[in-house]
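# An overview of the molecular structure
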Amino acid sequence: MYPINLEHQYEKYFVGRFDEFNRRLLAKIMPHLDAYIDKMFSSSPVKQDAPEEDIFHFLEQLRQEYGDWIPAAAMESAITRNFSLIDSWSRDKIVQHVETMVTRLNTPQPPTVTGRPTPAGQSGEKWLTTIDLLNRENGLAATQLDRIVRRNLNLVKSLQGEQFDDVYNVISDGLTRGDGLKTITDNIREASKVNRSRAKFWARDQASKFFGEVTKTRQTGAGIPGYIWRTVGDIRVRDSHAAVAGHYSEWSRPPEAGVRGDKVHPGEDFNCRCWAEPAFGPEYAENEQSPSDQLSYTRESGKVFTPSASRKEAEAFIQKIGVTDDPVNYSGLNIDTINRINKSFFDLKQKYPYIKPILISETRSRTSAGRASFRRILLNKKNYFGQPQNAVAENESFKRTVLERFMAATVHYDTMLKTGNSTLIEHAKLDLDIASRMMNFNRFGALVPNMEYESVIYHEYGHVFSDQVYGMLNGSKIHPIASKELISDFINDWHDLYLKLLDTDDIFKISMYAIQSESECFAECFVMHNLEAAKLPGYIRDFMARYVDNFKSVRK
């Protein structure tokens, strides 16, 4: 329900005004600054008459005129238009939710429900007949709109003033130190970045606050006593807001969900994108879940996975909890296997709720784009889910294969020794060393005994996690949700750990499958981290705790 697109639209407009002002400011200042510095560093013996006074006199003149650069009337009109759209969004979404509740409350009820005789000529008595939110306006929203427009006009002017003062101070400090044009220009650029970030913050904050204000005005004006706290369900959601998500609160008694423990309604905290779903009482917290809130099930305290009784019910469950947006077909699998698969998805979605929906496919894609898709989990019925799996049996089979390779490499090496050819001997020795090293592995893949199906799901989810959060595999094709700095730290740290695993006997604690690549090694460690963490080397557990378990508390 939160108007993220409208927030982004206003952010683009607000930041655009800053960029426009800054471009015009620097276009006027830089030629004068360049000429002044050229005079300062000139080798001419001709004495200059206090050139610094010329540029500062120019800057003071500029301060008097910059307020007229952007037409105030046009800016006021644009700001009004942006917030009117947010106002309309609030009205329309509230009406949609309230209509659902009012339909039930306006349905005629028999005397057994109302406790009163049925009115003559009617089939029953309505519970509620007074709400009319479609056409009712009490003027408060218009008053709020005017106030927010004035506030934002002042913010634009304030930001212009701060940018001018910062540029002025950078130039003054730079000239005092004797900095060159490039140094001063770089410092101006850095100061501009700070103010541009502030413009983004202010725009988002103003949009969210106004949305919260008009939502409260309309709901309380319509006689709605409270709301269910809803979040957008992504990584930017604060822990204190996630804690009250899905809970009922009265408009007269806001929850203590602020960043400092203060009492706030949705939208009142800075940059809060939460929203209030109208409700008549706490019973709506469970009975009136929003279909668009795919993470709502994670907010129900104490809820555990309940096995489905049929394949159709199990397929619907996956859709309901938001694992995938695509239809899922579990045909050919028995219900016990399906429930074990769904239990894994349920647990993963609760632990990593910010992971986007994925595509669950039973066949491998024929296209390179499909095979590289970071949204795909391949459910291979023939090899993994079509028949009972046994980790011990698979490892025994693997060991026989490795032993056969080792014996063949030994024979080949002995044969090459007899040739006396140093090149052939060197290659044969390398093959023998590799085969000998492989003998130390005790399993091919990280299939956990008695959790074989789960291991496959967790392995593939490890790929989904690393791609979506850190862009580990397809970083050029996707938009990972971690910050650039965190992604860089993650990739560098994992690269070092991967090399450390390969260079030590610790790799034998993982699996032979993990030596294929960094991404496969991460997926194997992800399995063990979730299903048998005690068997991981300590430094891998520390890495997983830092970059996996605690990621949900990181903000961009």
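Residues numbered from 1 in each chain as written. Predicted model: local features only at pLDDT ≥ 70, side-chain atom pairs only at ≥ 80, totals over all residues. Heavy atoms only, no water.

To continue, consider the overall build of the chain. Assigned secondary structure in the chain consists of 18 helices and five strands. A burial count over the chain gives 46% of its 556 residues as buried. Within the chain, counting contacts between residues at least 6 apart in sequence, those at least 24 apart form 71% of the total. Of the roughly 28,400 Å² that the chain leaves accessible, carbon and sulfur atoms contribute 51%. (Helix = DSSP H or I, 4+ residues; strand = E, 2+ residues; numbered from the N terminus. Buried < 20%, exposed > 50% of the residue type's maximum accessible area, 1.4 Å probe, protein only. Contact = heavy atoms within 4.5 Å. Areas by Shrake-Rupley, 256 points an atom, 1.4 Å probe, with all protein chains shown as cover.)

Here we come to the pattern of salt bridges. Proximity of charged atoms lets side chains of opposite charge pair with each other. For the coordinates displayed, the defined rule picks out 22 salt bridges. Linking Asp146 and Arg150 is a salt bridge whose minimum nitrogen-to-oxygen distance equals 3.9 Å. On the criterion of helical spacing, the pair formed by Asp146 and Arg150 is a turn pair, its members being four residues apart in helix 5 (residues 140-177). By relative accessible area, Asp146 is classed as partly exposed at 44%. (Salt bridge = Lys/Arg side-chain N within 4 Å of Asp/Glu carboxyl O.)

It is worth spelling out the packing of helix 17 (residues 518-531) against helix 18 (residues 538-549) at this point. Where helix 17 meets helix 18, the closest approach of the two axes is 11 Å, and the angle between their N-to-C directions is 90°. In terms of orientation, helix 17 lies roughly perpendicular with respect to helix 18. Of the residues in helix 18, those in contact with Phe522, Cys525, Phe526 and His529 of helix 17 are Ile540, Phe543, Met544, Val548 and Asp549. Each residue belonging to the contact of helix 17 with helix 18 can be placed in one class, and the counts come to seven nonpolar, one polar and one charged. (Axes fitted to C-alpha atoms, helices over the stretch in contact; angles between N-to-C directions. Parallel < 35°, antiparallel > 145°, perpendicular 65-115°, else oblique. Nonpolar A, V, L, I, M, F, W, Y, C, P; charged D, E, K, R; others polar.)

Trans is the common state for peptide bonds, and a negative phi is the common state for residues other than glycine. At Asn271, a position not held by glycine, the phi torsion is positive, near 55°. Its location among the elements puts Asn271 in the loop between strand 2 (248-250) and strand 3 (275-279). Judged by its relative accessible area of 11%, Asn271 falls in the buried class. The phi dihedral of Asn450 falls on the positive side, at around 70°, and the residue is not glycine. Following the sequence through the fold, Asn450 ends up in the loop between helix 14 (422-438) and helix 15 (452-470). Relative accessible area serves as the criterion here: at 67%, Asn450 is assigned to the exposed category.

It is worth spelling out helix 16 (residues 484-503) at this point. Here helix 16 spans 29 Å end to end across 20 residues, near enough to the 28 Å set by a 1.5 Å rise per residue. Among all positions in helix 16, only Leu486, Ile487, Phe490, Trp494, Leu497, Tyr498 and Leu501 are buried. The buried residues of helix 16 occupy an angular sector of 105° when projected down its axis, which confines them to one face. Away from its buried face, by an angle of more than 90 degrees, helix 16 presents the exposed residues Lys484, Glu485 and Asp503. Tucked inside the fold, the buried residues of helix 16 contact helix 14, helix 15, helix 17 and helix 18. (Expected span 1.5 Å × (residues − 1). Arc of directions from axis to C-beta.)

The next subject is the nonpolar core. One finds Phe345, Phe465, Tyr470, Trp494 and Phe522 to be the most contacted residues of the largest nonpolar core, which totals 63 residues. Beyond its immediate chain neighbours, meaning those up to four positions away, Trp494 contacts Met472, Glu518, Cys521, Phe522, Cys525, Ile540 and Phe543. (Core = buried A, V, L, I, M, F, W, Y, C linked by side-chain atoms within 4.5 Å.)

Spatially, the three strands line up as an open sheet ordered 2-1-3, and their pairing is antiparallel. Only two strands of the sheet have a single neighbouring strand rather than two, namely strand 2 and strand 3. Neighbour-to-neighbour, the strand axes of this sheet turn through a mean angle of 40°, independent of strand direction. Running over the sheet, helix 6 (residues 181-221) touches strand 1 (226-230) and strand 3 and is turned about 10° from strand 3. (Pairing = 2+ DSSP bridges.)

With that settled, consider the packing of aromatic side chains. For the structure on display, the rule yields 26 aromatic pairs. Ring plane angle 85° and centroid distance 5.3 Å describe the contact between Phe83 and Phe210, whose orientation is recorded as edge-to-face. Here Phe83 is found in helix 3 (residues 72-105), whereas its partner Phe210 is found in helix 6, with 127 residues between them in sequence. A relative accessible area of 0% means that Phe83 is categorised as buried. Considering the side-chain rings of Phe465 and Phe522, the 6.4 Å spacing of their centres and the 15° angle between planes classify their relative orientation as stacked. One end of the pair, Phe465, is in helix 15; the other, Phe522, is in helix 17, with 57 residues separating them in the sequence. A connected cluster of aromatic rings, assembled from ring pairs, spans Tyr352, Tyr354, Phe465, Tyr470, Phe490, Trp494, Phe522, Phe526, Phe543, Tyr547 and Phe551. For the cation-ring pair, Lys500 lies above Tyr539, with the distance from its terminal atom to the ring centre recorded as 4.0 Å. (Phe/Tyr/Trp six-rings, centres within 6.5 Å; stacked < 30°, edge-to-face > 60°. Lys NZ or Arg CZ within 6 Å of the ring centre and 35° of its normal.)

The subject of this paragraph is helix 15. Helix length check: helix 15 (19 residues) gives 27 Å between terminal C-alpha atoms against 27 Å at 1.5 Å per residue, within 8%. Following helix 15 by one or two positions, Gly471 adopts a phi angle in the positive range, close to 60°.

What follows is about the side chain of Ser90. If you trace the backbone, Ser90 turns up in helix 3. Among the residues examined, Ser90 registers a relative accessible area of 0% and is labelled buried. With near-sequence residues (within four places) excluded, Ser90 lies in contact with Met1, Phe211, Val214, Thr215 and Arg218.

Here strand 1 lies mainly inside the structure; five of its five residues are buried. Neither face of strand 1 is left uncovered, since the one carrying Gly226, Ile228 and Arg230 and the one carrying Tyr227 and Trp229 both have all their residues buried. Relative to strand 2, strand 1 runs antiparallel, the two being bridged by three bridges. Within strand 2, the residue paired with Ile228 across the bridge is Tyr248. Both strand 1 and strand 3 contribute to a ladder of five bridges, which runs antiparallel. By the bridge assignment for strand 3, Trp229 is matched with Ala276.

Interpretation of the predicted coordinates at a detailed level should be avoided for regions scoring low in pLDDT. Residues at a pLDDT of 70 or more form 77% of the chain, whose mean pLDDT is 78. Between the elements of the chain, mean pLDDT differs from a low of 46, seen in helix 11 (residues 368-371), to a high of 92, seen in helix 17. pLDDT under 50 marks residues 368-372. Its contacts with residues more than four places away, or in other chains, come to seven contacts. (pLDDT = per-residue confidence, 0-100.)

The next subject is the environment of Pro282. Locating Pro282 in the fold gives a position in the loop between strand 3 and helix 8 (284-287). For the pair Pro282 and Tyr227, spaced 55 residues apart in sequence, the C-alpha separation works out to 8.4 Å.

Before going further, it helps to examine the pairing of strand 3. Most of strand 3 sits inside the fold, with five of its five residues counted as buried. Neither face of strand 3 is open: one carries Trp275, Glu277 and Ala279, the other Ala276 and Pro278, and all of them are buried.

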